[in-house]
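# Observations on chain architecture
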Amino acid sequence: MGKLSIVGKATHEYPYDTVEVTVSFEVHEQSTSAALEKVLNQCEDFLAVMHKDGTSMDSIRIGNDSVEQEYDDDELDVCATREIKMRVPFSMVSNNIKNIKIGIYTL
């Protein structure tokens with residue numbers, strides 16, 4: 001049996017002036033396909049506004065996705081959700097978080 005040794009120095013820089021913002025989209029419809037289509041359209045509309053506003057798409061990633069189905073009074077209720085996570089610059093001195101309106105949503 002041999003011994004493996006590695007000697008060296010590793011570093012990693014972590015930016016301290018960023019914050020992670022999570023935006024959640026939730027839709028209730030009577031079919032899975034309608035719920036998925038609507039939640040994806042809302043997400044794409046939001047990403048288009050963020051891209052137009054100058055947000056780097058490299059700073060955005062998809063969080064949790066889910067689809068849940070349940071029957072209420074013999075009617076199907078499908079709830080589709082999607083999370084978008086963004087790492088954006090943050091300054092304790094002067095923070096420039098903008099109001100972004102997409103349909104009825106405001107960030």
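Structure's up top.
In this report, we go over the structure that sits alongside the text. (Residues numbered from 1 in each chain as written. Predicted model: local features only at pLDDT ≥ 70, side-chain atom pairs only at ≥ 80, totals over all residues. Heavy atoms only, no water.)

So, about the overall build of the chain. What the chain contains, in helices and strands, is one helix and five strands. The buried share of the chain, taken over its 107 residues, is 21%. In the chain, once contacts between residues fewer than 6 apart in sequence are set aside, the share between residues at least 24 apart is 62%. Looking at the chain as shown, the accessible area adds up to about 8,800 Å², and 51% of this sits on carbon and sulfur atoms. (Helix = DSSP H or I, 4+ residues; strand = E, 2+ residues; numbered from the N terminus. Buried < 20%, exposed > 50% of the residue type's maximum accessible area, 1.4 Å probe, protein only. Contact = heavy atoms within 4.5 Å. Areas by Shrake-Rupley, 256 points an atom, 1.4 Å probe, with all protein chains shown as cover.)

What follows is about the pairing of strand S2 (residues 60-72). Pairing of S2 with strand S3 (residues 75-89) involves eleven bridges; the strand directions are antiparallel. Residue pairing across strands places Ile60 opposite Met86, the latter belonging to S3. (Pairing = 2+ DSSP bridges.)

Turning to the environment of Val27, a few remarks are in order. You can see Val27 is positioned in strand S1 (residues 18-29). Distance from Val27 to Ala80, taken between C-alpha atoms, is 5.3 Å for residues 53 residues apart in sequence. In contact with Val27, other than residues within four places in its own chain, are Ala35, Lys38, Val39, Gln42, Val78, Cys79 and Ala80.

The subject of this paragraph is a nonpolar patch on the surface. The grouping of Leu36, Leu40 and Val67 at the surface amounts to a nonpolar patch, some 200 Å² of accessible area in total. Its place among the elements puts Leu40 in helix H1 (residues 32-52). Classification of Leu40 by relative accessible area gives partly exposed; the value is 35%. (Patch = residues over 30% accessible without salt bridge, like charges linked within 9 Å, V, L, I, M, F, W, Y side chains within 5 Å. Salt bridge = Lys/Arg side-chain N within 4 Å of Asp/Glu carboxyl O.)

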